[in-house]
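Commentary on secondary and tertiary structure
Each chain, letter by letter, is given below.
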Amino acid sequence: MEKGLIFMVFAAVSFALAGVLVRKGAAQTGESFTSTAISIFLGLPFFAVALCITGEWSLLNSISERDFILFGLAGILHFVAGRALIFNGFRIIGSNKANPLVNTNIFYTVILGILFLNEPLNLLLIPGVLCIFTGAVLISTEKKSVAVEEKKGLLGTEIKGILSTLSGAICWGLSAIEVRMGIGEAGSPYVGAFISYVAASIVEAMFFLRRQHREQLFQLPFSKVLVTIVISGFLMSIGQLLRYTALSYSPASLVAPIASTGALFTIIFSFLINRQIEVFTPRIIIGIMATVVGTFLLFQ
């Protein structure tokens, strides 16, 4: 197995465990802003350390203004908007149902890459897309729910969680195109990721101008909930570090399908950690398998 694929397997495990812990923490706090903010702020020092270890700080001086903008926009779109929407989806419908919907971001990336980056058209695109969206439909129409609001508003809450997750997936799909446009010239995935985290941290910090957000973060007591959220943030950062490392060794066409296996790891971690607050049904399992198969078809 290629070295990059080994890194991506560990990244998928890290992302899956982080998502399950985000679900656990957000279910107890009743909001997803805290998890999003902590995960972004923890990511900045991770990639700063990565630049120190690899000795690539000097490459920051050679990045063009265009690439700075691309990486910055990608960070805001992926880490601030996308992560907030997806974490909100985790909170409302659970990580088991949300993760396969998150995988639809790969479809958006492939389509946009074909349209705007002249990437080759895969003959298996249509069956791959059908598998991904069949899985998404199966999961979205699962009647059993973990929606967090009162039962009389259950359907509306469920739809809100699904739409939030799918919107976040679109953000992630768009951000990947911006990274692809800038990464070739930058010469280092770590430099691109660091710039993205800097931009995301600046934007996320602006949210603290609102008293509500300050209270959500700073009044959270030191407890198992806070520890859970912090651990999930570290795992998310480690996952990104491993993902970018994987991309430095292997092409995206090999790495991306491995990333989709995170949905399978999510089921395992959910059963071990969130058994009481997650949904485990045949429809969910089949939907997850369909999205994984569809992802592999897209990259054959």
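Notes on the structure follow. (Residues numbered from 1 in each chain as written. Predicted model: local features only at pLDDT ≥ 70, side-chain atom pairs only at ≥ 80, totals over all residues. Heavy atoms only, no water.)

Another aspect to go through is a nonpolar patch on the surface. On the surface, Val-198, Ile-202, Met-206 and Leu-209 cluster together into a nonpolar patch covering about 410 Å² of accessible area. Take Val-198: it is sitting in helix α8 (residues 189-206). Overall, Val-198 belongs to the partly exposed group, its relative accessible area being 31%. (Patch = residues over 30% accessible without salt bridge, like charges linked within 9 Å, V, L, I, M, F, W, Y side chains within 5 Å. Areas by Shrake-Rupley, 256 points an atom, 1.4 Å probe, with all protein chains shown as cover. Salt bridge = Lys/Arg side-chain N within 4 Å of Asp/Glu carboxyl O. Helix = DSSP H or I, 4+ residues; strand = E, 2+ residues; numbered from the N terminus. Buried < 20%, exposed > 50% of the residue type's maximum accessible area, 1.4 Å probe, protein only.)

At a minimum axis distance of 9 Å, the contact between helix α2 (residues 33-54) and helix α9 (residues 211-218) shows a crossing angle of 75°. Taken together, the axes of α2 and α9 lie roughly perpendicular to each other. Across the interface between the two elements, Phe-33, Thr-34 and Ile-38 of α2 pack against His-213, Gln-216 and Leu-217 of α9. (Axes fitted to C-alpha atoms, helices over the stretch in contact; angles between N-to-C directions. Parallel < 35°, antiparallel > 145°, perpendicular 65-115°, else oblique. Contact = heavy atoms within 4.5 Å.)

Now for the packing of aromatic side chains. The geometry of two aromatic rings is summed up by the distance between their centres and the angle between their planes. In the structure shown here, the tally under the stated rule is 8 aromatic pairs. Consider the rings of Trp-57 and Phe-194, whose centres lie 5.2 Å apart with planes at 80°: the pair is edge-to-face. Pair noted here: Trp-57 is in the loop between α2 and α3 (65-93) and Phe-194 is in helix α8, with a separation of 137 residues, a long-range link. Take Trp-57: its relative accessible area is 35%, and that puts it in the partly exposed class. For Phe-194, a relative accessible area of 12% gives the class buried. Taken together, the ring pairs in this structure connect Phe-33, Phe-41, Phe-207 and Phe-208 into an aromatic cluster. The side chain of Arg-275 reaches across the aromatic face of Phe-271, ending 4.1 Å from its centre. (Phe/Tyr/Trp six-rings, centres within 6.5 Å; stacked < 30°, edge-to-face > 60°. Lys NZ or Arg CZ within 6 Å of the ring centre and 35° of its normal.)

Taken together, the buried positions of α9 are His-213, Gln-216 and Leu-217. For α9, the angular spread of the buried residues around the axis is 90°, confining them to a single face. Away from the buried face of α9 by more than 90 degrees, exposed residues Arg-211 and Phe-218 are located. Looking at the buried side of α9, the elements it contacts are α2. (Arc of directions from axis to C-beta.)

Here Asp-67 lies in helix α3. For Asp-67, a relative accessible area of 0% gives the class buried.

Let's shift gears to the pattern of salt bridges. Counted according to the given criterion, the structure contains 3 salt bridges. We note a salt bridge from Arg-23 to Glu-278, for which the minimum N-O separation is 3.7 Å. Within this pair, whereas Arg-23 is found in helix α1 (residues 3-29), its partner Glu-278 is found in the loop between α12 (262-273) and α13 (282-298), the two being separated by 255 residues in sequence. Residue Glu-278 is classed as buried on the basis of its relative accessible area of 7%.

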